[in-house]
Amino acid sequence: YYRSHGCTVRCVAREPKTISQLEYMQDMTSEHCANSTEHQTATLKDKRDSNTYTIAKLKDGKCWMTQNLRYKLDTSTPLKPTDSDVMQNWTPNRSTETTLSGAWDQDPEDYKTIRSYYDSNNPQYGTYYTHTAATAGTTANMNNKGDEATGSICPKGWRLPKTGIVSDSSNNDFYSLSKEYKGSATWTNGYYWNGFHQILLGEPTYVLSGYRYSSSASIGGTGSYGYYWSSTIYGSYGAYSMYVGSSNVDPRNYGSCNGGFTVRCVAR
C-alpha cells in the first residue's frame with residue numbers, strides 16, 4: 001500500500017532467543033539458556049582471545065561449557081567487566097606459563113599464589129590454574145569454609161560452579177549436574193558417586209585432565225582423573241572442586257589452592 005497512507009498495526013512476538021543464535025561467549029544471558037532445549041549445543045567465541053568453545057544446555061537445566069577453559073593470563077592484559085566475570089579490572093601478577101618449571105608452593109604468596117600453565121600439545125586439557133588465579137584474585141583474603149568467590153576468569157555472563165557446604169545439595173552445581181549423568185553409579189558414603197557414570201560421555205564431555213603439581217614442575221593423572229575448580233572456599237589453604245575418575249565422581253572434593261586444576265564455566 002502507499003507509504004503515505006495510515007494503516008493499523010498488529011504486532012507479533014519475536015521468536016525466543018536461544019544459545020544457537022549467539023556468536024560470543026560474552027553474549028550469553030539467562031534468557032538464552034532458559035529458551036534453549038535440553039542438549040541444545042552451540043559453538044561460541046571468547047572475545048578476549050578468539051578461542052572457541054562448545055556449550056550445551058544440560059539435563060540440570062543449566063548451560064555449561066563442554067570444553068575446558070583455555071584462557072591464558074597475561075600481565076599486560078587486565079580482565080575487565082566488559083569481557084570477564086569480574087566487577088572491576090584485574091591484572092594478574094604472573095602470566096600463564098607454557099613450559100613446566102618451578103614449584104608453585106614455593107611462591108611468597110604460598111597457597112594464594114596466582115599461577116597457571118597451558119600445554120599447547122594437549123589443548124583438550126585446557127589451562128591449569130591455581131584457585132586464586134581461577135577466581136581472578138577475589139579469594140585472596142577469604143579463609144572461611146563456604147566463602148564464595150565474587151569473580152572469576154570465566155567470560156562475562158559465566159561463572160565458576162558452586163559447591164556450597166553440603167555435598168548432595170541442590171546448591172552444589174557439580175552435584176546437580178552429576179546426578180543427572182550418574183548412569184548406574186550409586187551415591188556412596190554420603191559424598192561421591194561410585195560406579196559407571198556418564199560425565200565423560202555425551203554432552204558433558206568432561207576429560208581426565210589430571211592436575212599440575214604444586215610441589216614440582218609436572219602434570220599428574222592425565223587419562224586417569226581430573227579436578228575442576230569451584231568458586232567455594234574450604235579454608236585458608238584449600239578450595240572445593242569436582243573430582244572425576246573413570247568410575248567415580250566426587251562433586252565436593254577439596255584440594256590445595258596452589259595446585260593447578262582445570263575449569264569449566266557455567267552460565268549465570
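Refer to the structure above for everything that follows.
Rules used throughout
Residues numbered from 1 in each chain as written. Predicted model: local features only at pLDDT ≥ 70, side-chain atom pairs only at ≥ 80, totals over all residues. Heavy atoms only, no water. Patch = residues over 30% accessible without salt bridge, like charges linked within 9 Å, V, L, I, M, F, W, Y side chains within 5 Å. Areas by Shrake-Rupley, 256 points an atom, 1.4 Å probe, with all protein chains shown as cover. Salt bridge = Lys/Arg side-chain N within 4 Å of Asp/Glu carboxyl O. Buried < 20%, exposed > 50% of the residue type's maximum accessible area, 1.4 Å probe, protein only. Helix = DSSP H or I, 4+ residues; strand = E, 2+ residues; numbered from the N terminus. Polar contact = N/O pair within 3.5 Å; in protein donor to acceptor, adjacent residues only side chain to side chain. Contact = heavy atoms within 4.5 Å. Phe/Tyr/Trp six-rings, centres within 6.5 Å; stacked < 30°, edge-to-face > 60°. Lys NZ or Arg CZ within 6 Å of the ring centre and 35° of its normal. Pairing = 2+ DSSP bridges.

A short note on a nonpolar patch on the surface
Move 1: Together, Tyr111, Tyr237 and Tyr254 make up an exposed nonpolar region whose accessible area comes to about 290 Å².
Move 2: Exposure remark for Tyr254: the relative accessible area of 43% places this residue in the partly exposed category.

Overview of the side chain of Thr262
Move 1: Position of Thr262 among the secondary structure elements: in the loop between strand 13 (248-256) and strand 14 (266-267).
Move 2: In this structure Thr262 comes out as buried when scored by relative accessible area, which is 0%.
Move 3: In this structure the side chain of Thr262 is engaged in a polar contact, spanning 3.2 Å, whose partner is the side chain of Ser209.
Move 4: In terms of polar contacts, Thr262 uses its side chain to reach the backbone carbonyl oxygen of Tyr227, at 2.9 Å.
Move 5: If we ignore the near neighbours within four places in the chain, the residues touching Thr262 are Asn68, Tyr125, Thr127, Tyr128, Ser209, Tyr227, Tyr228 and Trp229.

A short note on the packing of aromatic side chains
The relation between two aromatic rings is expressed through the spacing of the ring centres and the mutual angle of the planes.
Move 1: Scanning the model with the defined rule gives 22 aromatic pairs in all.
Move 2: On the numbers, 6.1 Å between centres and 50° between planes, the contact of Tyr1 with Tyr2 is tilted.
Move 3: Given a relative accessible area of 59%, Tyr2 falls into the exposed group.
Move 4: What links up through ring pairs into an aromatic cluster is the set Tyr211, Tyr213, Tyr225, Tyr227, Trp229, Tyr243 and Phe261.
Move 5: The ring of Tyr24 carries the charged tip of Lys47 above its face, separated from the ring centre by 5.1 Å.
Move 6: Above the plane of the ring of Trp104 lies Arg212, whose end atom (NZ or CZ) is 4.2 Å from the centre.

Digging into the pairing of strand 2 (residues 52-57)
Move 1: Bridge analysis of strand 1 (residues 41-45) against strand 2 gives 5 bridges, and the strand direction is antiparallel. If you follow Lys45 over to strand 2, its bridge partner there is Thr52.
Move 2: Remark: 6 residues form the turn of the hairpin made by strand 1 and strand 2, two consecutive strands paired antiparallel; Ser50 in that turn has positive phi of roughly 70°.
Move 3: Bridging between strand 2 and strand 3 (residues 63-65) involves 3 bridges; their strand directions are antiparallel. If you follow Ala56 over to strand 3, its bridge partner there is Trp64.
Move 4: Remark: 5 residues form the turn of the hairpin made by strand 2 and strand 3, two consecutive strands paired antiparallel; Gly61 in that turn has positive phi of roughly 90°.

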